[in-house]
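Below are the chains, spelled out letter by letter.
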Amino acid sequence: MRTIAVVGTGYVGLVTGTCFADLGNRAVCIDTDPERVAKLREGILPFYEPGLEELVHRNVRAGRLSFTSDCREGVPGAGFAVIAVGTPSGQEGEADLSYVRAAAEAIAESMTGPLVVVNKSTMPIGTGDWVASIIERKRQVPDAFAVVSNPEFMREGSAVHDFMSPDRVVLGSDDHAAAETVAELYRPLGASILITDLRTAEMIKYASNAFLATKVSFINEIAAICEQLGADVKEVARGMGMDRRIGAAFLEAGIGWGGSCFPKDVKALEHMASVHGCHPQLLRAVMDINRDQRRLIVQKLRQALGGLEDTLVGVLGLSFKPNTDDLRESPALEIIHLLQHERARVQAYDPVAMPGAAKVLRGVTLCEDPYLVAQGADALIVTTEWNEFKQLDMRRIRELVRRPVLLDGRNIYDPAAMRALDFVYIGVGRAAGNSSRSLISA
Ligand code: NAD
């Protein structure tokens, strides 16, 4: 049993602390937000993540998991201090490291013995050395410490599963023995563990996220070409994905990527590359395509309705992806904003993200179910591919809408079935008819 202090109880920190506790360690989760800590002590989680609540309760009951707002309570006696605070975008797209700095300082001032500091937040290349310099400067004891980069690859919505069954664990340090001690924490998972140097580990995280975002933007670009040339991007992606060199994951055309990671991480990588004299043109194109994707959707809707002013648009899904209530950089919110800018009225539904949405959306009617969203709508847009939207009674929806325009931003419906129900079905990259076939035979 090891004692692990985890600084930051967001998606990554809370899942990490809880899972390490579940593996038999003692985990103390620390957060500067006292309200969050008070709620966690009452067993109330700050966000929705499948399977996490039960795991938190179980490990608190077993005495392996606890919460505090003070590093001085959590760090002394711990062999590891995991930094899992946010690294949001700064003004120029760079990663804002102010939370990391505060966490590193608090850890340094609280350590009372030898410590391995584990950088789990996504941090720009070189941050590990900077964290080490902060600890060196601020620590009050002469004991040895080491910094190990341990980027996190979990996905919101399946974070517990991803932590417990990772494809790989990446560790980077200039102190190999310290990296080995962190590797021991993960040993029970039976995953492949890659130990490398600090900067390489930091880069693996950015390169991985940038690559996945590139896959999505790539298939979205192919989708636009499919629309013009009469092919169906869903089938194209299926055919591509069967090739093991390509893989099927992240080849879903739609309204683009969002969330708390891809947007800020691609931006931060582009920023660090360009300030170091590189010309990251591919990363810029990946971001451009993604931004345009939302605008294209709104343009399609404008065209279908002959203008958006005074129309009523129903939006299905608010979170940036299914199985999470995270609204950060959600494409749905951006689309709602664009619609409101063109003076459309919006009513929306999401299975779990509505409490958060109520705090950030203005002038949007939040409905209790998808059928109320359809009621009287001039168009419906699917913005998040929640499972429950795949099984809706579309016949009933067809009767409830005022005009039957269905904009399937996540390609979850069968176009032929929707057209058979008399919807004007518009997907992403799914040619409406076969007008372009003539282009081929001409
Ligand atoms: P989050 O915003 O959900 O949570 C961050 C938490 O840290 C908040 O509760 C905040 O109050 C707390 N905090 C801030 N400063 C603190 C300090 N000095 N001491 C203690 N607590 C402090 O963040 P997140 O989504 O969990 O992301 C954390 C990091 O992990 C980011 O760098 C992110 O890029 C990375 N990451 C996130 C995911 C994901 O799916 N969310 C996946 C992989 C990596």
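The coordinates are above.
All values derive from a computational prediction rather than experimental measurement. (Residues numbered from 1 in each chain as written. Predicted model: local features only at pLDDT ≥ 70, side-chain atom pairs only at ≥ 80, totals over all residues. Heavy atoms only, no water.)

## Quick notes on the site of the ligand
In the vicinity of the ligand, 27 residues are found, and the nearest of them are Val12, Asp31, Thr87, Glu156 and Lys264. At a separation of 3.4 Å, a nitrogen atom of the ligand approaches a polar backbone atom of Thr32. Measuring from an oxygen atom of the ligand, one finds a side-chain N or O atom of Arg36 at 3.2 Å. Burial of the ligand by the surrounding chains reaches 89%, relative to a free accessible area of 840 Å². Going through the elements one at a time, α1 (11–22) and α5 (98–110) are the ones with two or more residues in the shell around the ligand. At three residues, α5 tops the list of elements feeding residues into the shell around the ligand. Class assignment for the residues of the shell around the ligand results in eleven nonpolar, eight polar and eight charged. (Near = heavy atom within 4 Å. Polar contact = N/O pair within 3.5 Å; in protein donor to acceptor, adjacent residues only side chain to side chain. Areas by Shrake-Rupley, 256 points an atom, 1.4 Å probe, with all protein chains shown as cover. Helix = DSSP H or I, 4+ residues; strand = E, 2+ residues; numbered from the N terminus. Nonpolar A, V, L, I, M, F, W, Y, C, P; charged D, E, K, R; others polar.)

## Some thoughts on the side chain of Gln293
In this structure, Gln293 sits in helix α12 (residues 281–305). According to the relative accessible area criterion, Gln293 is buried, its value standing at 7%. What Gln293 contacts, discounting residues up to four positions off in sequence, is Asn220, Gly254, Ile255, Gly256 and Val428. (Buried < 20%, exposed > 50% of the residue type's maximum accessible area, 1.4 Å probe, protein only. Contact = heavy atoms within 4.5 Å.)

## Things to note about the side chain of Lys300
Take Lys300: it is sitting in helix α12. Beyond its immediate stretch of four places on either side in the chain, Lys300 contacts Glu227, Leu407, Ile426, Gly427, Val428 and Gly429.

## Things to note about the sheet that holds strand β9 (residues 312–316)
Strands belonging to one sheet form pairs held by backbone hydrogen bonds; the direction of such a pair is parallel or antiparallel. Strand order in the open sheet made by the six strands is β11-β10-β9-β12-β13-β14, with parallel pairing throughout. The open sheet is flanked by β11 (364–366) and β14 (424–426), the only strands paired with a single partner. Averaged over neighbouring strand pairs, the angle between their axes works out to 20 degrees when direction is ignored. Where α12 meets the sheet, its contacts fall on β9, β12 (379–382), β13 (405–408) and β14, and the angle it forms with β13 comes to roughly 165 degrees. (Pairing = 2+ DSSP bridges. Axes fitted to C-alpha atoms, helices over the stretch in contact; angles between N-to-C directions.)

## Quick notes on the packing of helix α9 (residues 198–229) against helix α10 (residues 233–241)
Two numbers describe a pair of packed helices, the interaxial angle and the distance between the axes. As a packed pair, α9 and α10 sit with axes 9 Å apart at the nearest point and diverge in direction by 135 degrees. The angle between α9 and α10 falls in the class oblique. Between α9 and α10 lies a crossing whose hand is right-handed. Taken together, the residues of α10 that come into contact with α9 (itself represented by Phe218, Ile219, Ile222, Ala223 and Cys226) are Val233, Val236, Ala237 and Met240. (Parallel < 35°, antiparallel > 145°, perpendicular 65-115°, else oblique. Left-handed = near helix turned anticlockwise from the far one by under 90°.)

## Some details on the nonpolar core
Leu301, Leu318, Leu339, Met394, Ile397 and Tyr413 are the most contacted members of the largest nonpolar core, which has 57 residues in total. Contact partners of Ile397, with chain neighbours within four places excluded, come to Pro370, Tyr371, Ala374, Leu380, Leu392 and Phe423. Val37, Leu52, Ala84 and Ala183 belong to the second largest nonpolar core, which has 39 residues in total. (Core = buried A, V, L, I, M, F, W, Y, C linked by side-chain atoms within 4.5 Å.)

Any functional reading would require information beyond the geometric quantities listed.
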